[in-house]
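Working through the structure, step by step
Here is how the chains run, residue by residue.
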Amino acid sequence: MATVSVTGWRANLDRLGVELPPVVAPVATYIPAVRTGSLVYTSGQLPFVNGVLPVTGKVGAEVSVEQATEAARLCALNALAAVHDLVGLDEVVRVVKVVGFVASAPGFGDQPVVINGASEFLGEVFGEAGRHARSAVGVAELPRDTPVEVEIIVEVR
């Protein structure tokens, strides 16, 4: 099984010019991540940057595919921050699953393209251990009018 070296994820974030942000405070009654056995599940993460959503609206209307793809990447980064805060990214063995929700305008069908933003980012951070199973789902509305929400499941030591 592919594993990540202790410094691999850090070096990859540095190479990408990305820092782990602080964990986003929950917007309702839940916790950002929970561990059960060797798995960590994150709550759905929104693309907050410094407490602000950089884009809002429906993908395929007010939000372009490119903007939504970047939002999915930010969601994945926030999910990693939640995992890191709970157990530390050094403990990650692999990314198991990504679930992405895309607030979609009528007729929009490129949800998988949007969620590629999260999937590709996780691959850039963890290499082969970042490859995962995935669902990309179109929905009518998401919290705070965000265009994208992503949750992840990771296996840890």
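Read on for a plain summary of the structure. All values derive from a computational prediction rather than experimental measurement. (Residues numbered from 1 in each chain as written. Predicted model: local features only at pLDDT ≥ 70, side-chain atom pairs only at ≥ 80, totals over all residues. Heavy atoms only, no water.)

**A look at the overall build of the protein**
Cut-off, in case you're wondering: Numbering of helices and strands runs from the N terminus; a helix is a DSSP stretch of H or I covering at least four residues, while a strand is a stretch of E covering at least two. Note that the radius of gyration is over C-alpha atoms, with the globule rule given as 2.2 Å times the number of residues to the power 0.38. Buried, partly exposed and exposed residues are distinguished by accessible area as a fraction of the type maximum, computed with a 1.4 Å probe on protein chains only: under 20%, between the cut-offs, and over 50%, respectively. For the accessible areas, the method is Shrake-Rupley and the probe is 1.4 Å, while residue cover comes only from the protein chains on display. Charge counting treats Lys and Arg as positive and Asp and Glu as negative, with His and both chain ends excluded. Taken as the charge centre is NZ of Lys, CZ of Arg, CG of Asp or CD of Glu, depending on the residue.
Of regular secondary structure, the protein possesses three helices and five strands. Written out in order from the N terminus, the α and β elements of the protein read α-β-β-α-β-α-β-β. Since a compact globule built from 157 residues should have a radius of gyration of about 15 Å, the 15 Å found for the protein is in line with a globular shape. By its C-alpha atoms, the protein is 45 × 30 × 30 Å across when sized along the principal axes. Residues classed as buried in the protein amount to 45% of the 157 residues present. Carbon together with sulfur atoms contributes 53% to the accessible area of the protein, which is approximately 7,300 Å² in total. For the protein, the distance from the average position of its 11 positive side-chain charges to the average position of its 17 negative side-chain charges is 6 Å.

**Description of helix 3 (residues 111-126)**
Worth spelling out the cut-off: By this rule, a helix spans an expected 1.5 Å times one less than how many residues it contains. To get the bend at any residue, fit one axis to the seven residues that end at it and another to the seven that begin at it, then take the angle between the two axes. The contact rule is simple, with two residues in contact once any of their heavy atoms fall within 4.5 Å.
For helix 3, which comprises 16 residues, the first-to-last C-alpha distance of 23 Å matches the rise-based estimate of 22 Å (1.5 Å per residue) to within 8%. Of all the bends in helix 3, the greatest, near 30°, is centred on G117. Looking at helix 3, one finds that the buried residues are Q111, V114, I115, G117, A118, S119, F121, L122, V125 and F126. Residues of helix 3 that are buried sit in contact with helix 1 (8-16), helix 2 (65-86), strand 3 (92-103), strand 4 (133-139) and strand 5 (148-156). One or two steps after helix 3, the chain reaches G127, where phi turns positive at roughly 60°.

**Topic: the nonpolar core**
Let me state the cut-off plainly: We define a nonpolar core as any set of buried Ala, Val, Leu, Ile, Met, Phe, Trp, Tyr and Cys residues linked to one another through side-chain atoms lying within 4.5 Å.
Formed by 37 residues in total, the largest nonpolar core has its most connected members in V114, F126, V148 and I152. For this core, the secondary-structure elements that each account for two or more residues are helix 1, helix 2, strand 3, helix 3 and strand 5. Look past the residues within four positions of V148 in its chain and what remains in contact with it is Q45, L46, P47, A68, A71, A72, C75, F101, V114, I115 and L142.

**As for a nonpolar patch on the surface**
Quick reminder of the rule: In this scheme, patches are assembled from residues that exceed 30% relative accessible area and form no salt bridge. Like charges are connected within 9 Å, while nonpolar side chains (Val, Leu, Ile, Met, Phe, Trp, Tyr) are connected within 5 Å. The term salt bridge refers to a pairing of a side-chain nitrogen on Lys or Arg with a carboxyl oxygen on Asp or Glu at a separation within 4 Å.
A cluster of nonpolar side chains, contributed by I31, V34 and Y41, occupies part of the molecular surface with about 270 Å² of accessible area. Along the polypeptide, V34 turns up in strand 1 (residues 33-36).

**Description of helix 2**
With 22 residues, helix 2 ought to run about 32 Å at 1.5 Å a step, and its terminal C-alpha atoms sit 32 Å apart, in line with that. Just beyond helix 2, the residue with positive phi is G88, at close to 90°.

**Observations regarding the pattern of salt bridges**
With the rule as written, the count across this model stands at four salt bridges. The salt bridge partner of R73 is E124, with a shortest N-O separation of 3.0 Å. Of this pair, R73 sits in helix 2 while E124 sits in helix 3; the two residues are 51 residues apart in sequence, bridging distant segments of the chain. Of the charged contacts, one joins E128 and R131 as a salt bridge, the two residues approaching to 3.7 Å between their closest N and O atoms.

**Points about the pairing of strand 4**
The following threshold applies: Strands pair, by our definition, only if DSSP identifies at least two bridges between them. Crossover handedness is defined by viewing with both strands directed away from the observer: a clockwise path from the first strand over the helix to the second marks the crossover as right-handed.
Pairing between strand 3 and strand 4: seven bridges, direction parallel. Paired with K97 across the strands is A133, a residue of strand 4. Crossover handedness for the path strand 3 to helix 3 to strand 4: right-handed.

**Quick notes on the sheet that holds strand 1**
Stated precisely, the cut-off is as follows: Axis angles are defined between N-to-C directions and span 0 to 180 degrees, where every axis is a line fitted to C-alpha atoms and, for a helix, only to the segment in contact.
Strand order in the open sheet formed by five strands is 1-2-5-3-4, with mixed pairing between adjacent strands. The sheet terminates laterally at strand 1 and strand 4, the two strands that pair on one side only. Sheet twist, expressed as the mean angle between neighbouring strand axes with direction ignored, is 15°. Alignment of strand 3 against strand 5, held across nine bridges, turns out to be antiparallel. Within strand 5, the position partnered with R94 by the bridge is E155. Each of strand 1, strand 2 (39-42), strand 3 and strand 5 touches helix 2; the most contacted strand, strand 5, lies at about 40° to it.

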